[in-house]
Amino acid sequence: MIETNVSRRHHETFLQVIQSYYQLTKPRIIPLLLITTAGSMWIAAQGQVDPVLLLVTMAGGTLAAASAQTINCIYDRDIDYDMERTRHRPMPSGKVQPRDALIFAIALAVLSFTLLTVFANLLAAILALSGIIFYVLVYTHWLKRHSTQNIVIGGAAGAIPALVGWAAVTGTLSWSAWLIFAIVFLWTPPHFWALALMIRDDYAKVGIPMLPVVEGNQATVKQIWYYTLITVAATVLLVYPLQSCGVVYAAIALSLGAVFIRKSWRLLHNPEDRPTARELFLFSISYMMLLCLGMVVDSLPLTHHLVNAVVNQLHLV
Ligand code: HEM
Ligand SMILES: CC(C)=CCC/C(C)=C/CC/C(C)=C/COP(=O)(O)OP(=O)(O)O
């Protein structure tokens, strides 16, 4: 009986340790990063992605993002302790020691690099590694605590998974790859600043110079508005002049863009309204997810057949 209790306690502790390491990787953000990788892979492969390559690239991307986030958790443990939203993360709550977390992060990065080099290619591996380095050095160390433009420039790290996907399929980077990168890059300010408007006080408390803290809500919603317009305009360039996507993607991108612009417009006229900011933040996630799924669906051979059939029918009429 006593033995059973002891082994149950060991079991619980083991599960808690696993859970703490899992939390260090900020796992809720990773699926969307992978969806941008997938969108890019499908366009690059013209709708026919090798399932093994897909699996390897997703795994490599996951490991790289997890490594980057873990190092960010180590570095930011001081401010994470002071903010309500982040106080219960494994580092500030003392569940994982910095040294152990660092070993974990390095192991993840090495695994990611090896996996991508062996089963995808060196360019994909180098890009993923540069994503980690950029996120840690440029965003976390250099900009986050020092500039209102922290997430604009730092946001480039979050756009790198799209490049990884393209590189994994083709071994090179093309204009379309850079355009998908640009779409995620330009989308990041509306995504993050909408959230920053909601949790401005938390950032102010720890002295992080997020735009709403330093320049106020009015200036922030104006910036969100401009970035929203440029993001939507950028999504169209994949159709024309790059011709990497067709009508199905165009319809999806324009419909999503219209909603994104409408919500951003509402925030522009209600800069102090938290529910409006929250709505835009939540929509930004659906927007990126559906846009990338639109890229995938558009690129499928079946979609091309259907579109051609419809066009032929229209010609006959
Ligand atoms: C520098 C750029 C970025 C910053 C500063 C940022 C910041 C944040 C923050 C602070 C949250 C709230 C998370 C929480 O409550 O713990 C969040 C949520 C989220 N972010 Fe971002 N983000 C950035 C870029 C991205 C990118 C590139 C993606 C994916 C393409 C992304 C996907 C998400 C998702 C899916 C959520 C919701 C997670 C949930 O359900 O809780 N973010 N972001
Ligand atoms: C290819 C590759 C490895 C890319 C990795 C890039 C990456 C991890 C991007 C995510 C960006 C992000 C969610 C930042 C959170 O900001 P924060 O850490 O300031 O948020 P917090 O206030 O919640 O700590």
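Anyway, here's the lowdown on the structure attached to this text. (Residues numbered from 1 in each chain as written. Chains lettered and ligands numbered in written order. Predicted model: local features only at pLDDT ≥ 70, side-chain atom pairs only at ≥ 80, totals over all residues. Heavy atoms only, no water.)

**Quick word on the overall build of the protein chain**
Rules: Elements are defined by DSSP. Helices are runs of H or I of four residues or more, strands are runs of E of two residues or more, and each kind is numbered from the N terminus. Only C-alpha atoms enter the radius of gyration, while the globule expectation follows 2.2 Å times N to the 0.38, with N the number of residues. Buried means the residue's accessible area, taken with a 1.4 Å probe over protein chains only, is under 20% of the maximum for its type, while exposed means over 50%, and partly exposed covers the values in between. Whether two residues are in contact is decided by their heavy atoms, any of which lying within 4.5 Å being enough.
Looking only at helices and strands, one finds 13 helices and 0 strands in the protein chain. Listed by position from the N terminus, the elements making up the protein chain come as α-α-α-α-α-α-α-α-α-α-α-α-α. Since a compact globule built from 317 residues should have a radius of gyration of about 20 Å, the 21 Å found for the protein chain is in line with a globular shape. Here the protein chain holds 317 residues, and the buried ones make up 50% of them. Pairs at least 24 residues apart make up 73% of the contacts formed inside the protein chain by residues separated by at least 6 positions.

**Regarding the packing of helix α11 (residues 247-269) against helix α12 (residues 274-299)**
Basically, it comes down to this: Each axis is a line fitted through C-alpha atoms, and for a helix only the stretch in contact is used; angles between axes span 0 to 180 degrees, taken between their N-to-C directions. Angle categories are assigned with fixed cut-offs, so that under 35 degrees is roughly parallel, over 145 is roughly antiparallel, 65 to 115 is roughly perpendicular, and the rest are oblique. The residue classification treats Ala, Val, Leu, Ile, Met, Phe, Trp, Tyr, Cys and Pro as nonpolar and Asp, Glu, Lys and Arg as charged. All others, Gly included, are polar.
Two numbers describe how α11 lies on α12: the axes approach to 9 Å, and their chain directions differ by 175 degrees. Classed by the angle they form, the pair α11 and α12 counts as roughly antiparallel. Residues that form the contact of α11 with α12 fall into these classes: 17 nonpolar, 5 polar and 4 charged.

**Description of the site of ligand 2**
Convention followed: Here a residue is near a molecule or strand as soon as one of its heavy atoms is found within 4 Å of it. For this analysis, a polar contact is any N or O atom pair within 3.5 Å, provided that within protein one partner can donate a hydrogen and the other can accept it, and provided that sequence-adjacent residues contribute only side-chain to side-chain pairs. The accessible surface values rely on the Shrake-Rupley method and a 1.4 Å probe; as for residues, cover is taken only from the protein chains in view.
The full set close to ligand 2 counts 19 residues, and K26, R85, R89, Y139 and K144 are the nearest of them. The side chain of K26 places a nitrogen or oxygen atom 2.8 Å from an oxygen atom of ligand 2. Between ligand 2 and Y203, the relevant distance is 3.2 Å, taken from an oxygen atom to a side-chain nitrogen or oxygen of the residue. Surface burial for ligand 2 is 88%, taken as the share of its 640 Å² of free accessible area covered by protein chains. Contributions of two or more residues to the shell around ligand 2 are made by α3 (51-75), α6 (122-143) and α7 (150-170). Counted by class, the shell around ligand 2 contains 11 nonpolar, 4 polar and 4 charged residues.

**Details of the side chain of S67**
Here S67 is to be found in helix α3. With near-sequence residues (within four places) excluded, S67 lies in contact with A105, L108, A109 and I132.

**With respect to the site of ligand 1**
Surrounding ligand 1, one finds 18 residues, the nearest of these being R28, T188, H191, F192 and L195. In the model, an oxygen atom of ligand 1 is placed 3.4 Å from a nitrogen or oxygen of the R85 side chain. Every element with two or more residues in the shell around ligand 1 is listed here: α2 (30-44), α7, α8 (175-198) and α12. The dominant element in the shell around ligand 1, judged by the number of residues it contributes, is α8, at 5 residues. When the residues that make up the shell around ligand 1 are grouped by side-chain class, the tally is 11 nonpolar, 4 polar and 3 charged.

**Here's the deal with the nonpolar core**
What counts here: Put simply, a nonpolar core is a bunch of buried Ala, Val, Leu, Ile, Met, Phe, Trp, Tyr and Cys residues held in one set by side-chain atoms that sit within 4.5 Å of each other.
Formed by 88 residues in total, the largest nonpolar core has its most connected members in W193 and L238. No other element matches α8, which puts 15 residues into this core. In this structure, L238 is in contact with I43, S176, L179, I180, I183, Q243, S244, C245, Y249 and M295, ignoring residues within four places of it in sequence.

**Focus: the packing of aromatic side chains**
Here the distance between the centres and the angle between the planes together describe a pair of aromatic rings. The test is simple: Aromatic contacts are taken between Phe, Tyr and Trp rings whose centres are within 6.5 Å, Trp giving its six-membered ring; a plane angle under 30 degrees counts as stacked, one over 60 as edge-to-face, and the others as tilted. We call a charge positioned over a ring when the NZ of a Lys or the CZ of an Arg lies within 6 Å of the ring centre and within 35 degrees of the ring normal.
Taken as a whole, this structure holds 10 aromatic pairs when the rule is applied. Ring centres of F283 and Y287 lie 6.1 Å apart, and the angle between their planes is 55 degrees; this geometry places the pair in the tilted category. You can see F283 and its partner Y287 sitting in helix α12, 4 residues apart, about one turn around the helix. Accessibility assignment for this pair places F283 and Y287 in one class, buried. Grouping aromatic residues by their ring pairs yields a cluster made of W178, F181 and F185. Residue placement shows R87 over the ring face of Y81; its charged tip is 5.1 Å from the ring centre.

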